Structures are given as structure tokens and as C-alpha cells.
Amino acid sequence: MTDLTQGIAIVTGAGGGLGRALAVDLSQSMTVVGLGRDLAALDDTRRLARDGMFHGIEADVSDINSVSHAFDKAKAHGKITLLVNNAAQYPRRDFTEETADSFMKVVATNLGGTIACTRAALDDMLETGFGRILNVATFADIAPLPASSAYSVSKGAARIFTRALIADIGDRFPGIVVNDWMPGMLATRMGIPDGLAPEQAAKWGAQLALWHDPSLTGTTWEMDREIPPPRSLKRRIADRVLMKPRVASRRLP
Amino acid sequence: MQAHLSDIRDTHWDAIVIGTGVGGGVAGRALAKAGMKVLFLEKGRAGFRAEETAIDLGMGDPVARAIRGFWPDPISVDLDGRRQQLLAPLGAGLGGSSVFYAATLERPEPHDLDNLPDRPHPTGGWPVGFEAMQPWFDAAQTMFHIHGDPDPLSDIPSPCVAPAHPAAPGDAMIMDRLRGNGLHPYRLHTAVKRLAGCGDCLGHKCPRACKMDGRSAGVEPALATGNATLLTDCEVTRLVRNADGSVRVETSQDGAALTLSARHVVLAAGALSSPRLLLASASARDPQGIGNGADLVGRNLMFHLNEIFALWPGKAAGFAGPSKSVGFRDLYFAEGQRLGMVQAMGIDVGYGEIVHHLRGRVARSWLRRMPGAMDLTRIPAAIGAKLMGTAKVFVGLLEDLPYAENRVVLDADNPGLISLEYRVSEELLARRKLFRRLIRKSFKGTRTAFLTQEPEPNFGHPCGTLRMGVDVGKSVVNADCRVHDVPNLWVADASVFPTSMGVNPSLTIAANALRVADRIKDSR
């Protein structure tokens, strides 16, 4: 297989916000299976998507069994070539008001969901050596905001997971392209009122998801541009002195 | 096709093949095709078929190495009296080392095997001569879908080598250049089918049955016959004598012992491990190990010395792309000496590689203790790249000759460890000097630079450790590659080579494995 659109895309959290916009956008290019907890919301996504190209499956990504059933059903529509790990929750709670249980429920969705869906999607991708995994990520882990501990920790861990996954499969399966994408501040339930329209962000996200270039593996993108890995001041000066060639960061066309 | 362990244990196999590299894969395929029930035993894993893993000598973690099909542990080498642990380019998984190879299957020259009046053979000649081997070379070339040009310096036909695939622009350019230097380049004999979308998987696993190796040309077609079974994660620990002198096989599968028996046992664990297994099989009956009555098991270990050099054909040539499959045999036998062939390595040295090379040299020198010295190598490399453009990298394979003191030894405390003693002989150093001088002379007027400074044995090309011969006192296996005093134990890897030849070993391993399989069929 050499074409993502010959298989199917799985988008988690497809019942609203960015996930819905991503699913609608991707449905223009390929069959999309959207996972979500609310069937009615998934049905609304279906109405917005291209005719016959979207299938909603009720699933709670924090529940490993539920994910497993959903992927079994999804496979009826084709081989999974694309996974967009989008589902997340961002409850605004101070840690003094969290219980260990409420905290870990967020981890189960934001980190556990990514892990369960990635593992399930890899079954097809490891067999063909071909696929694309786009993890919707944030910079929340770098300087956690107040009342965001569970979100910051789980999304930060998900970014570590992206790197750990690449350490395990990056050299063996160059045809499975994995990277993180930060959509920016969005005007969604999880975002801010005067944020970006999710449909605009989704255009970039879908474009990036459909871009199957092995050199994308391990890169981080924010909105429509590649974010080069951070370098310390010392490193930057040293690179300049040592004539290390500069690599230009890419931008979506 | 993984069968149940109990079924495997209870089957009396026609043949158990130990190791799934080129030798084991090809022998097992030939036996299965002849209708024999064959069991392949592989220490490593099957892996995913779609993997494109490249051999990575920088990856040290044994768990990560094992899952990628690399030999998990460092090998212990006493090199010129200095004991060191190093990561060798060896595989341990389905297909063995061959899934990582560059698929260059070159036929040796008659003098590699035969004792010729003008080219005396250091061992008096192989017990099977070039002419006897020729049909097996042909058969192996067919089986491995070899493509390439006939060597312009040879008058021995290669009817089973298909015409070379269309040349990369870099190849055509470099061949003109070599001809201009009076050399006789040809397109190397390559075991790549070039299926549509071929990724030219030289140096890494091929995700399809396009590059022909121990897996795609051996085990997989063997399994397709329905007569063969594969057991992975299964390490053979000992061979044990039966009452009639034949051997059975003791294995460890996930730490559990499992004994398997067969009419024939084909040892093809590679020249570093096959002798180790025989040494580890010592008993009251065979106090020095099986087949070791003449104290020869593990001895006469040979490698090739890799003489790697860069050639700057001029700035314009740099744009033509890397040359992948060009070689020449002008220096194969020169000034009365056995040297070897020269091949393009399929890489252009640009900025990054020069940095890497300089770093390697710094890492081996006293400068390694100077903070920042590694980074400083970037400056001369950047200047070098700007001045000279890109270089083509070639390797000269220098034949190694057999010496009894160069050998594989058994580490009694750790029988799974590959442990070697190897000394670079004065005679080899002298031929090395000659080889390098002749290489330099061949490229007069073109800038060249040797990238190897110290003699570098190619640990991926071991051979010789279970020498084939007629005389029981001077060899381990007979001319049919059966261990002298064991009626059912055969060897089908490079261990049996009396000499290392001036070419890559794979074609000869495959050809000889076909010959051994034929003898096994005849002996039933």
C-alpha cells in the first residue's frame, strides 16, 4: 500500500469541536470512522461529512474494551491507514479539589485513549509497514496552568508517548509516519471563546494527517508550521561557530 | 507457520536445520522441495515482514537489538592480543545476517578454490574444485535472481546471471571514470528483483520478497512447499550423541529445554556460532567437543579486511547520484598475490559522512578526552565538502588466509557468547600494503583517501572454522560437508570454507548449501 486514502481514517472524539471538523475535512479524501461517546453527536458529524464517507462508532477511548470493540467494527470498512488521536478532556479543577480517581479518569482518556487507539491501529499498520498517526497535542506540559494538572500531566505524557513509540518503531517502520500537532487556541468547548474556528485548524490538521512523508516522523507542528526542536542559547552559538547547516522549518502550503 | 511445540517435539524430522541465514535457508528449501520434512530452528525472532530495519552498530541495548533481528550481545574479540567487546554486523532472526546485507553475490575465481600451477592454493585447494562447483553456482544464481554484467576480465560464462538492471546515472558515470583509469568495471551481481517500487534495500531489511536473502530465497519458499516448519526464539544449546553415533538437538525455547531429533541435522548457525555449538557439545565420548578429534573446530577463522576508500571524481559527478552496483577485479590477483575485488558501497560521502568518519577517528585517538573535540571535526569537514564536492565510497575486500591460532573459542561460563582470538598476520599486513598501493596507483590523477587506517576485519564475513577437507586429521568435515565421525551431521554455512576468497561469501554459501542438500538427499 502506498496511498493513505486507500484505507480508512480513525478520528477519536469525532462528535464535536476539532474532532468533528477534522473528520468532516478528511471525509473529502477518504473513508473516516469517527469514535465518540455520543451517537447523536456522531450522527451530526455524519450529516456534515461527505455522503457515505463517514461512519460513527460509539466508543469511550478511556475504556480499553470499548476501544477494542470499536476497532473491530471499524475494520469492516477497510484497513486502517490513518489514526488521528484527538479525543481529550480538559476539566478545569484545582488539584486540591481533584480526587486521585477524578485525576486518573482524565489520564485514562488523554493518555490511555491515545495508547489504546494507537496500539489497535498499529495491528494493520505493522502488517503493511504503512500508515500515519497524528497526535493532537499541546504545550500544556511545559508550563502547566493553574487548575490544569490532570490535563497537563496526561497531555505531556502523551507527547512522551509519541517519542517513545518512535524509539520503538521509527527505524523499523519508516513507512509509519508519526508526529504531534498543536492546533492552536480554538473556539471549542475545550478552548477559549475568541479562539480560532475549529474548521480553520482542521484544514491544517487534515492536510498534515494526509501528508505521508517519512521525514515528518518525530516533528512537532503548531497550526500550519513546523516547530524546530528547542536549542539552548549555548547550543545555538556553538552550532553557528561550528558551521552546522541550518535546517529550514516547513510550512503547510 | 508456527506449529505447536508438542507436535514439533513428537515429529521425527527428516532434517533439522540450525540457523536461517543463506546457508540454512537454502539447504532447508532444497530439502523441503525434495519432499523431506524440514524443521528450521532460529535463535532470533521472525519479526514483522514489513520491517525495513537497518543494521545499527550504535544500538547497544540487547532487548532492542534482539527485537530488530540483530545479534543481541556484543562479541568478545581478542584482536592482536587486546581483548575488546564490540557490536558486530551480525543478525539473529529469520534470515540471519543476510536480511541486512547488500545482496552482492559474486562468484569466486577458479584460483580461489583450485590449486593452479601459476596460482598455488594456500591449502592445496578446496576438496571440491571450481568446475565441480560451477553447476551449483549457476543454480544459486538462478535461485537468487542474480542480475549483473559478466566480469569483462573473465572468460568463464555466467549463463544464469540475468542482464543488469538499468544503471543509476551515478553508476554509468563512475564506470566511465574507472575505464578511463584503465580498469575493467562491471555491474555487480545483485540479488534484487527490482519489483515495482523497489526501495533498493541494501543494508536494511526488505519489506517484500524483492531482495533475495536467507528468508525470501530460503525459509519462505521452503515453508510454501508445505514440508517445512519454522521455530523461532529457539536457541540450540548442545548436540547430543545417540547410541549409533548420530546426533540429536537440545534447544532452549523461552528458557524451557526441548530435545528434538531428526534423521539429518544441518548446522548453519554461521562461522562464529556453528563451531561454538560443537565445542559446547563436549561429553565423555567427545571430550573436546563434537567433530573436534583433530583439535580443528573453531580454528582457521578468517574475515576479509575491508579497505574503504573515498574517490572524488570531480564536482560534476557528485550530482549524478550514488553508484550502487559497480565493481572491478583488476586487483583480484596481482603481483603474484591473492588480494580481492573492489566494489562501490552505494554511498556518496558528503558533509555528514565526513563528519561521522572524522568523529570516529577522534573517538579512537587521544583527542577523545578533550571536551568539544568531537564538534570541532565539523569545521574541516565543512571546508572539505565545499572544496571537493561529494566522494564515492569503495571497499576493497582483501582475502584473509587461514591460521590455526585465529579461532572461535568457547567461554565455559557463558557458552552463548561469541568469543574470538584473531591476530593480523605479518603476511596479511604485507598484502594489505600492496593492495592499498595498487588501489592508489589505479586511481592516479583522481583524488582518493583511505577511510580505514588500522586493519579492519569485516566481522560480517567470517568463515573457515569447520574446515572442509579429505584428510580426517586436517579438517572437520569431509568433501560433502558431513562432520567426519558423525553420520547425520552436516554443515551448510561459511564455516566449511578452506579459504576466504576475494569476493563476498554469500553466493558460495548458497551454492555449497545446494550441493550439501543434494548429498543429504542422496544419503537417505
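Here goes a summary of the coordinates provided. Values in this document were obtained by computation on a predicted structure and should not be read as measured data.

Some thoughts on the overall build of chain A
Here is step 1: Scanning chain A from N- to C-terminus turns up 7 helices and 8 strands.
Here is step 2: On C-alpha atoms alone, chain A measures out to a radius of gyration of 18 Å, which is about the 18 Å that the 2.2 N^0.38 rule sets for 253 residues.
Here is step 3: Pairs at least 24 apart in sequence give 65% of the contacts found in chain A among residues at least 6 apart.

What about the overall build of chain B?
Here is step 1: On a plain count of helices and strands, chain B comes out with 13 helices and 21 strands.
Here is step 2: In chain B, which comprises 524 residues, the share counted as buried stands at 50%.
Here is step 3: Within chain B, counting contacts between residues at least 6 apart in sequence, those at least 24 apart form 72% of the total.

Comments concerning unusual backbone geometry
All names here are of chain B.
Here is step 1: Of note, Asp233 is a non-glycine position whose phi angle comes to about 55 degrees, a positive value.
Here is step 2: Structurally, the position occupied by Asp233 is in the loop between β6 (228–231) and β7 (234–241).
Here is step 3: Phi at Asp295 is positive, roughly 55 degrees, even though this residue is not glycine.
Here is step 4: Positionally, Asp295 belongs in the loop between α8 (274–280) and β11 (302–312).
Here is step 5: On the basis of neighbour count, Asp295 is assigned to the exposed category, with 11 C-beta atoms found within 10 Å.

Topic: the sheet that holds strand β2 (residues 38–41) of chain B
Sheets are built from strands paired through backbone hydrogen bonds, the pairs being either parallel or antiparallel.
Residues and elements named next belong to chain B.
Here is step 1: Strands sit in the order β6-β2-β1-β10-β21 across an open sheet of 5 strands; the sheet is parallel. The open sheet terminates on both sides in strands that have one partner only, identified here as β6 and β21 (489–491). The average undirected angle you get between the axes of adjacent strands in this sheet is 20 degrees.
Here is step 2: Direction of pairing for strand β10 (residues 262–267) relative to β21: parallel, over a ladder of 3 bridges. Paired with Val265 across the two strands is Leu489, which belongs to β21.
Here is step 3: On the sheet, helix α2 (residues 22–33) packs against β1 (13–18), β2, β6 and β10 and is oriented at approximately 165 degrees with respect to β1.

Looking at the pairing of β2 of chain B
All names here are of chain B.
Here is step 1: Here β2 shows a buried face lined by Val38 and Phe40 and a second buried face lined by Leu39 and Leu41.
Here is step 2: The handedness of the β1 to β2 crossover, carried by α2, is right-handed.
Here is step 3: As judged from the 4 bridges shared by β2 and β6, these two strands associate in the parallel manner. Bridge pairing links Val38 to Ala228 in β6.

Considerations on helix α5 (residues 149–169) of chain A
All names here are of chain A.
Here is step 1: Between the first and last C-alpha of α5 there are 30 Å, a value that for 21 residues agrees with the 30 Å anticipated at 1.5 Å per step.
Here is step 2: Ala150, Tyr151, Ser154, Lys155, Ala158, Arg159, Thr162, Leu165 and Ile169 are the residues of α5 that are buried. An end-on view of α5 places all buried positions within 165 degrees of arc, on one side of the element. Seen from the open side of α5, the exposed residues pointing more than 90 degrees away from its buried face are Ile160, Arg163, Ala164 and Ala167.
Here is step 3: Those residues of α5 that are buried lie in contact with α4 (100–128), β5 (131–136) and β6 (176–182).

Observations regarding the environment of Pro402 of chain B
Residue and element names in this part refer to chain B.
Here is step 1: Here Pro402 shows up in the loop between β16 (391–398) and β17 (407–409).
Here is step 2: Since 19 C-beta atoms lie within 10 Å of it, Pro402 is described here as partly exposed.
Here is step 3: A C-alpha to C-alpha distance of 8.3 Å links Pro402 and Arg299, two positions 103 residues apart in sequence.
Here is step 4: Sequence-distant contacts of Pro402, defined by excluding residues within four places in its chain, comprise Thr123, Asn300, Met302, Gly464, Pro498 and Thr499.

Regarding the sheet that holds strand β7 (residues 220–222) of chain A
Residue and element names in this part refer to chain A.
Here is step 1: The strand order across the open sheet formed by 8 strands is β3-β2-β1-β4-β5-β6-β7-β8, and the pairing between neighbours is mixed. Taken across any chain shown, the strands that pair with only one partner, and hence form the sheet edges, are β3 (54–58) and β8 (225–227). The average angle at which neighbouring strand axes cross in this sheet is 25 degrees, direction not considered.
Here is step 2: Pairing of β5 with β6, which is carried by 6 bridges, proceeds in the parallel orientation. Across the sheet, the residue bridging to Val136 is Trp181, located in β6.

Quick word on helix α1 (residues 17–26) of chain A
Here is step 1: Burial of α1 of chain A is extensive: 10 of the 10 residues sit out of reach of the surface.
Here is step 2: Buried within α1 of chain A are the following residues: Gly17, Leu18, Gly19, Arg20, Ala21, Leu22, Ala23, Val24, Asp25 and Leu26 of chain A.

Remarks on the nonpolar core
Here is step 1: One finds Ile16, Ala27, Val38 and Ala510 of chain B to be the most contacted residues of the largest nonpolar core, which totals 106 residues.
Here is step 2: The element that contributes the greatest number of residues to this core is helix α13 (residues 506–522) of chain B, accounting for 9 residues.
Here is step 3: When residues no more than four places from it in sequence are discounted, the contact partners of Val38 of chain B are Trp13, Asp14, Ala15, Val17, Gly28, Leu31, Ala32, Ala222, Asn227 and Ala228 of chain B.
Here is step 4: Listed in part, the 65 residues of the second largest apolar core include Ala21, Val106, Cys117 and Ile133 of chain A.

Some details on the packing of α1 of chain A against helix α6 (residues 198–209) of chain A
Residues and elements named next belong to chain A.
Here is step 1: Closest axis-to-axis distance for the α1/α6 pair is 8 Å, and the angle between their directions is 55 degrees. Considered as vectors, α1 and α6 are oriented oblique to each other. In the packing of α1 onto α6, the handedness of the crossing is right-handed. Residues Gly17, Leu18, Ala21, Leu22, Asp25 and Leu26 of α1 form the contact with α6, whose participating residues are Pro198, Glu199, Ala201, Ala202, Lys203, Gly205, Ala206 and Ala209.
Here is step 2: Taken together, the residues of the contact of α1 with α6 sort by class into 9 nonpolar, 2 polar and 3 charged.

Quick notes on the packing of α2 of chain B against helix α7 (residues 214–224) of chain B
Residues and elements named next belong to chain B.
Here is step 1: Here α2 crosses α7 at 30 degrees, and the two axes come no closer than 8 Å. Classified by the angle between their axes, α2 and α7 sit roughly parallel to one another. Crossing of α2 against α7: the hand is left-handed. Facing Val22, Gly24, Gly25, Val26, Gly28, Arg29 and Ala32 of α2, the residues of α7 in contact are Gly214, Arg215, Ala217, Gly218, Val219, Pro221 and Ala222.
Here is step 2: Classifying every residue of the contact of α2 with α7 by side-chain character gives 7 nonpolar, 5 polar and 2 charged.

Re the environment of Pro166 of chain B
Residue and element names in this part refer to chain B.
Here is step 1: Relative to the helices and strands, Pro166 is located in the loop between α5 (130–143) and α6 (169–180).
Here is step 2: Judged by the 9 C-beta atoms lying within 10 Å of it, Pro166 falls in the exposed class.
Here is step 3: Separated by 238 residues in the primary sequence, Pro166 and Ala404 place their C-alpha atoms 45 Å from one another.

The rules we used
- Residues numbered from 1 in each chain as written.
- Chains lettered and ligands numbered in written order.
- Predicted model: local features only at pLDDT ≥ 70, side-chain atom pairs only at ≥ 80, totals over all residues.
- Helix = DSSP H or I, 4+ residues; strand = E, 2+ residues; numbered from the N terminus.
- Rg over C-alpha atoms; globule rule 2.2 N^0.38 Å.
- Contact = placed C-beta atoms within 7 Å.
- Buried ≥ 20, exposed ≤ 12 C-beta atoms within 10 Å, placed from the backbone.
- Pairing = 2+ DSSP bridges.
- Axes fitted to C-alpha atoms, helices over the stretch in contact; angles between N-to-C directions.
- Right-handed = clockwise from strand over helix to strand, strands pointing away.
- Expected span 1.5 Å × (residues − 1).
- Arc of directions from axis to C-beta.
- Core = buried A, V, L, I, M, F, W, Y, C linked by C-beta atoms within 7 Å.
- Parallel < 35°, antiparallel > 145°, perpendicular 65-115°, else oblique.
- Left-handed = near helix turned anticlockwise from the far one by under 90°.
- Nonpolar A, V, L, I, M, F, W, Y, C, P; charged D, E, K, R; others polar.

Read these as spatial facts, not as claims about activity.
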